[in-house]
Amino acid sequence: MRPLPGAPRGNYWSIDADNRRGMLDQMMPSTGTAVAAAARALAVHNRREDRPVLILAGPGNNGGDGFVAARRLAGWGMTVIAVLVGSEEQPRTHDAGLNWRRLEGLEGVTRMHAAVPRDVAILGQGIEKAGVLVDALLGTGVRGRLREPERSAVEMVGHARQAAIPVLAVDASDMFFSRLEGVTDPEEKRRVIGRTFIDVFEEEARSIPDARYLAQGTLYPDVIESVSIHGPSAVIK
């Protein structure tokens, strides 16, 4: 297993290529931030916040949510190991790839690529050192027999649970897409995504005893990324 070297920038797709792409561009930061907040709360509750957060990410958009979570956690001062699990050295989707590249050189984040089962096995030998394991491997739409190395990674998640390592697995894509169905106005999309973000966070918070407050911070790049199309104001959720 080795840190992944820097990858050259590829061609970027237009956000307006289709409506679903536009949804993804707004959804991934919101879902990833919710995952990061839940992971941090889980680490604090279990008194494991001084240990690294291990994120196992698949090559699709579910993995992209994990990469966003890694960036948020690092911004909050936590140590993160983000692992791309898959035979290819880059995620398969534009959005996941973009957020994977954003982790390059980021303080507090170690990027790794687990291309074969042996890589996963080596990583699993130190699983007890993880503060929290974030399962961002697969979405709810996966069907059929899993291929390697994803299958070994899923087994590793099971071993982590048996070893009493806190495991967080979140896939809220179906909820976001259903609520955004038929919504075309960009500002209304922002409001729908913001409300859904709160719902996802609250649902995850129910799994943490004594969780009573929702607190959210943001990073300055979010101000730049969230500028309203109707004016200079920045809409932050």
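This text goes with the structure placed above it.
Just so it is clear, the model here is predicted, and its values are computed rather than measured. (Residues numbered from 1 in each chain as written. Predicted model: local features only at pLDDT ≥ 70, side-chain atom pairs only at ≥ 80, totals over all residues. Heavy atoms only, no water.)

## A closer look at the sheet that holds strand β1 (residues 53-57)
Backbone-to-backbone hydrogen bonds pair the strands of a sheet. The strands run either parallel or antiparallel.
Turning to step 1, where the next piece is worked out: With parallel pairing, five strands are arranged side by side in an open sheet as β3-β2-β1-β4-β5. Looking at the sheet topology across the chains shown, the edges are occupied by β3 (109-114) and β5 (167-169). Sheet twist, expressed as the mean angle between neighbouring strand axes with direction ignored, is 20 degrees.
Turning to step 2, where the next piece is worked out: In this structure, β1 lies alongside strand β2 (residues 80-85), joined through five bridges in parallel fashion. By the bridge assignment for β2, Ala-57 is matched with Leu-84.
Turning to step 3, where the next piece is worked out: Each of β1, β2 and β3 is contacted by helix α4 (residues 117-124), which is oriented at about 140 degrees to β3, the strand it contacts most. (Pairing = 2+ DSSP bridges. Helix = DSSP H or I, 4+ residues; strand = E, 2+ residues; numbered from the N terminus. Axes fitted to C-alpha atoms, helices over the stretch in contact; angles between N-to-C directions. Contact = heavy atoms within 4.5 Å.)

## Topic: the pairing of strand β4 (residues 132-136)
Turning to step 1, where the next piece is worked out: Of all five residues that make up β4, five are buried, and the element is covered over most of its length.
Turning to step 2, where the next piece is worked out: Examined bridge by bridge, β1 and β4 share five bridges and lie parallel to one another. Across the sheet, residue Leu-54 finds its bridge partner in β4, namely Leu-133.
Turning to step 3, where the next piece is worked out: As judged from the three bridges shared by β4 and β5, these two strands associate in the parallel manner. Counterpart to Asp-135 in the pairing with β5 is Ala-169. (Buried < 20%, exposed > 50% of the residue type's maximum accessible area, 1.4 Å probe, protein only.)

## Notes on the packing of α4 against helix α5 (residues 150-162)
Turning to step 1, where the next piece is worked out: Between α4 and α5, the shortest axis-to-axis distance is 8 Å and the interhelical angle comes to 20 degrees. Taken together, the axes of α4 and α5 are roughly parallel relative to one another. Classified by chirality, the crossing of α5 by α4 is right-handed. Residues Pro-117, Val-120, Leu-123 and Gly-124 of α4 form the contact with α5, whose own contacting residues are Ser-152, Ala-153 and Met-156.
Turning to step 2, where the next piece is worked out: Along the lines of polarity and charge, the residues of the contact of α4 with α5 split into five nonpolar, two polar and no charged. (Parallel < 35°, antiparallel > 145°, perpendicular 65-115°, else oblique. Left-handed = near helix turned anticlockwise from the far one by under 90°. Nonpolar A, V, L, I, M, F, W, Y, C, P; charged D, E, K, R; others polar.)

## Observations concerning the packing of aromatic side chains
Turning to step 1, where the next piece is worked out: Counting across every chain of the model gives one aromatic pair.
Turning to step 2, where the next piece is worked out: For the pair Phe-67 and Trp-100, a centre-to-centre distance of 4.9 Å together with 45 degrees between the ring planes defines the contact as tilted. Taken together, the positions of Phe-67 in helix α2 (residues 61-75) and Trp-100 in helix α3 (residues 94-101) put the pair 33 residues apart, joining distant regions of the chain. Here Phe-67 and Trp-100 have matching classes, each one buried.
Turning to step 3, where the next piece is worked out: The ring of Trp-76 carries the charged tip of Arg-40 above its face, separated from the ring centre by 4.0 Å.
Turning to step 4, where the next piece is worked out: When the ring centre of Trp-100 is taken as reference, the NZ or CZ atom of Arg-111 above it lies at 4.5 Å. (Phe/Tyr/Trp six-rings, centres within 6.5 Å; stacked < 30°, edge-to-face > 60°. Lys NZ or Arg CZ within 6 Å of the ring centre and 35° of its normal.)

## Side note on the pairing of β1
Turning to step 1, where the next piece is worked out: Among the five residues of β1, five are classified as buried, and the element is accordingly described as predominantly covered.
Turning to step 2, where the next piece is worked out: With burial as the criterion, each face of β1 is covered, one bearing Val-53, Ile-55 and Ala-57 and the other bearing Leu-54 and Leu-56.
Turning to step 3, where the next piece is worked out: Running through α2, the crossover from β1 to the neighbouring parallel element β2 is right-handed. (Right-handed = clockwise from strand over helix to strand, strands pointing away.)

## A few points about α4
Turning to step 1, where the next piece is worked out: Every buried residue of α4 is listed here: Asp-119, Val-120 and Leu-123. The buried residues of α4 occupy one face: seen down the axis, they fall within an arc of 100 degrees.
Turning to step 2, where the next piece is worked out: Where α4 is buried, its residues touch β1, β2, β3 and α5. (Arc of directions from axis to C-beta.)

## Let's talk about unusual backbone geometry
The general pattern is negative phi for most residues beyond glycine and trans for most peptide bonds.
Turning to step 1, where the next piece is worked out: Residues Glu-148 and Pro-149 are joined by a peptide bond in cis, for which omega reads 5 degrees.
Turning to step 2, where the next piece is worked out: As for its position among the elements, Pro-149 is in the loop between β4 and α5.
Turning to step 3, where the next piece is worked out: For Arg-47, which is not a glycine, the phi torsion comes out positive at approximately 55 degrees.
Turning to step 4, where the next piece is worked out: Within the secondary structure, Arg-47 is located in the loop between α1 (19-45) and β1.
Turning to step 5, where the next piece is worked out: Residue Arg-47 is classed as exposed on the basis of its relative accessible area of 73%.
Turning to step 6, where the next piece is worked out: At Ala-164, a residue that is not glycine, the phi angle is positive and equals roughly 65 degrees.
Turning to step 7, where the next piece is worked out: Note on placement: Ala-164 falls in the loop between α5 and β5.

That is the geometry; function is a separate question.
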